[in-house]
Amino acid sequence: MVTKVVAGSQTLDRALGALLRIGESGSRGLTLAECSATLGYSKPTVHRILRTLANRGFLRVDRERGLYTLGVANLRLGMAFLEQLDLRSESLPILRELGERTGETVHLGVLDGSDVVYIEKVESTHAVRMFSQIGRTMPAYSTGIGKAILAHLPPDEVAQALPETLEARTSATITDRADLLRHLAEVRRRGYSTDEIENEDGIRCVGAPVFDHTGVVCAGVSVAGPATRVTSERTPELGRLVQAAAFSISRRIGHDSDSTEIGASGAG
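Residues numbered from 1 in each chain as written. Predicted model: local features only at pLDDT ≥ 70, side-chain atom pairs only at ≥ 80, totals over all residues. Heavy atoms only, no water.

Some remarks on the packing of aromatic side chains
Piece 1. Counting across every chain of the model gives 0 aromatic pairs.
Piece 2. Between Arg14 and the ring centre of Tyr41, over which it is positioned, the NZ or CZ distance is 4.7 Å.
Piece 3. Sitting above the plane of the Tyr192 ring, Arg190 keeps its charged end 4.7 Å from the centroid. (Phe/Tyr/Trp six-rings, centres within 6.5 Å; stacked < 30°, edge-to-face > 60°. Lys NZ or Arg CZ within 6 Å of the ring centre and 35° of its normal.)

Concerning the environment of Gly146
Piece 1. Along the chain, the position of Gly146 falls in helix H6 (residues 144-150).
Piece 2. A relative accessible area of 0% means that Gly146 is categorised as buried.
Piece 3. In the structure, Gly146 is positioned 75 residues away from Val221 in sequence and 9.4 Å away in space, judged by C-alpha atoms.
Piece 4. For Gly146, the contacting residues outside a window of four places in its chain are Val116 and Ala140. (Helix = DSSP H or I, 4+ residues; strand = E, 2+ residues; numbered from the N terminus. Buried < 20%, exposed > 50% of the residue type's maximum accessible area, 1.4 Å probe, protein only. Contact = heavy atoms within 4.5 Å.)

Here's the deal with the packing of helix H5 (residues 87-102) against helix H9 (residues 235-252)
Piece 1. At a minimum axis distance of 9 Å, the contact between H5 and H9 shows a crossing angle of 160°. As far as their axial angle goes, H9 and H5 are roughly antiparallel. Every pair of crossing elements has a handedness; the one defined by H5 and H9 is right-handed. In contact with Leu87, Glu90, Ser91, Ile94, Leu95, Leu98, Arg101 and Thr102 of H5, H9 contributes Leu238, Leu241, Val242, Ala245, Ser248, Ile249 and Arg252.
Piece 2. Each residue belonging to the contact of H5 with H9 can be placed in one class, and the counts come to 9 nonpolar, 3 polar and 3 charged. (Axes fitted to C-alpha atoms, helices over the stretch in contact; angles between N-to-C directions. Parallel < 35°, antiparallel > 145°, perpendicular 65-115°, else oblique. Left-handed = near helix turned anticlockwise from the far one by under 90°. Nonpolar A, V, L, I, M, F, W, Y, C, P; charged D, E, K, R; others polar.)

As for the packing of helix H2 (residues 32-39) against helix H3 (residues 43-55)
A pair of packed helices can be characterised by two numbers: the angle between their axes and the separation between those axes.
Piece 1. The contact between H2 and H3 brings their axes to 9 Å, and the two run at 110°. As far as their axial angle goes, H3 and H2 are roughly perpendicular. As H2 runs across H3, the sense of the crossing is right-handed. From H2, Leu32, Ala33, Cys35 and Ser36 reach across to H3, where they touch Lys43, Val46, His47 and Leu50.
Piece 2. The residue makeup of the contact of H2 with H3, split by class, is 5 nonpolar, 2 polar and 1 charged.

Some words on a nonpolar patch on the surface
Piece 1. A cluster of nonpolar side chains, contributed by Val72, Leu75 and Met79, occupies part of the molecular surface with about 280 Å² of accessible area.
Piece 2. Residue position: Met79 is located in helix H4 (residues 72-84).
Piece 3. By relative accessible area, Met79 is classed as partly exposed at 41%. (Patch = residues over 30% accessible without salt bridge, like charges linked within 9 Å, V, L, I, M, F, W, Y side chains within 5 Å. Areas by Shrake-Rupley, 256 points an atom, 1.4 Å probe, with all protein chains shown as cover. Salt bridge = Lys/Arg side-chain N within 4 Å of Asp/Glu carboxyl O.)

A closer look at the pairing of strand S4 (residues 105-112)
Piece 1. By the bridge criterion, 5 bridges tie S4 to strand S9 (residues 217-226) in an arrangement that is antiparallel. Looking across to S9, one finds that His107 is bridged to Ser222.
Piece 2. Bridge analysis of S4 against strand S5 (residues 115-122) gives 7 bridges, and the strand direction is antiparallel. Paired with Gly109 across the two strands is Tyr118, which belongs to S5. (Pairing = 2+ DSSP bridges.)

Observations regarding the sheet that holds strand S2 (residues 59-62)
Piece 1. Pairing within the open sheet is antiparallel, and its 3 strands lie in the order S1-S3-S2. The sheet terminates laterally at strand S1 (30-31) and S2, the two strands that pair on one side only.
Piece 2. Strand direction decides the pairing type here: S1 and strand S3 (residues 67-70), joined by 2 bridges, are antiparallel. For Leu30, the partnering residue across the bridge sits in S3 and is Tyr68.
Piece 3. Docked against the sheet, H3 engages S2 and S3, running at close to 110° with respect to S2.

Structure below.
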């Protein structure tokens with residue numbers, strides 16, 4: 001019985017290995033000989049594996065050219081996986097870890113028109129905290145999360161997400177559209193955003209974008225707190241931590257990249 005389980009596991013591992021290698025090969029696919037050479041199994045063994053995967057719809061066979069490519073069953077599995085994902089639940093463990101590492105309030109937010117909606121929050125460990133609330137909205141142009149998202153949108157979508165007038169929420173708010181666009185270009189280049197006391201007096205925020213499985217920005221993460229603790233000197237360190245957290249969330253919801261390109265009264 002044990003021998004059968006081990007043998008079955010080995011066969012499954014080989015089948016999954018073949019499927020992954022063919023998926024990595026791109027639109028051309030792989031031949032039987034290429035699969036055998038890449039995986040290191042004999043041709044008869046690989047042929048049996050490929051035939052089984054093709055019968056179940058995980059592979060398509062171009063018999064004329066002898067090439068194997070991914071089949072539609074992979075799409076069905078992928079769609080089922082995406083339907084099961086919940087951004088908040090996938091993000092929460094990472095947000096908590098970020099809160100523990102920084103000691104400050106952590107937010108997860110999404111863009112809704114020209115505003116950011118804060119959909120999850122982890123409280124600061126300090127006695128003196130900023131006030132914020134899940135479900136409240138803030139202007140995207142003056143918040144760390146909002147700017148992190150805006151910086152990674154196409155120009156036409158940025159234009160739609162900006163109100164006609166950029167009202168000053170504090171004396172530091174960027175109210176000139178051209179200045180804001182230049183600032184967003186810098187945010188995109190740097191990989192993280194900053195709210196330099198632009199949304200609420202005395203509150204500084206650092207944010208980073210979250211990307212979905214298609215590579216499109218879908219949310220943002222921020223660390224925010226009193227400017228006496230979240231200082232300008234501390235911003236680069238917080239930027240790295242927020243970027244890493246946002247990247248981890250992106251990977252959890254299906255973003256496949258090796259790059260980190262990578263509320264709420266006063267929430268950042």
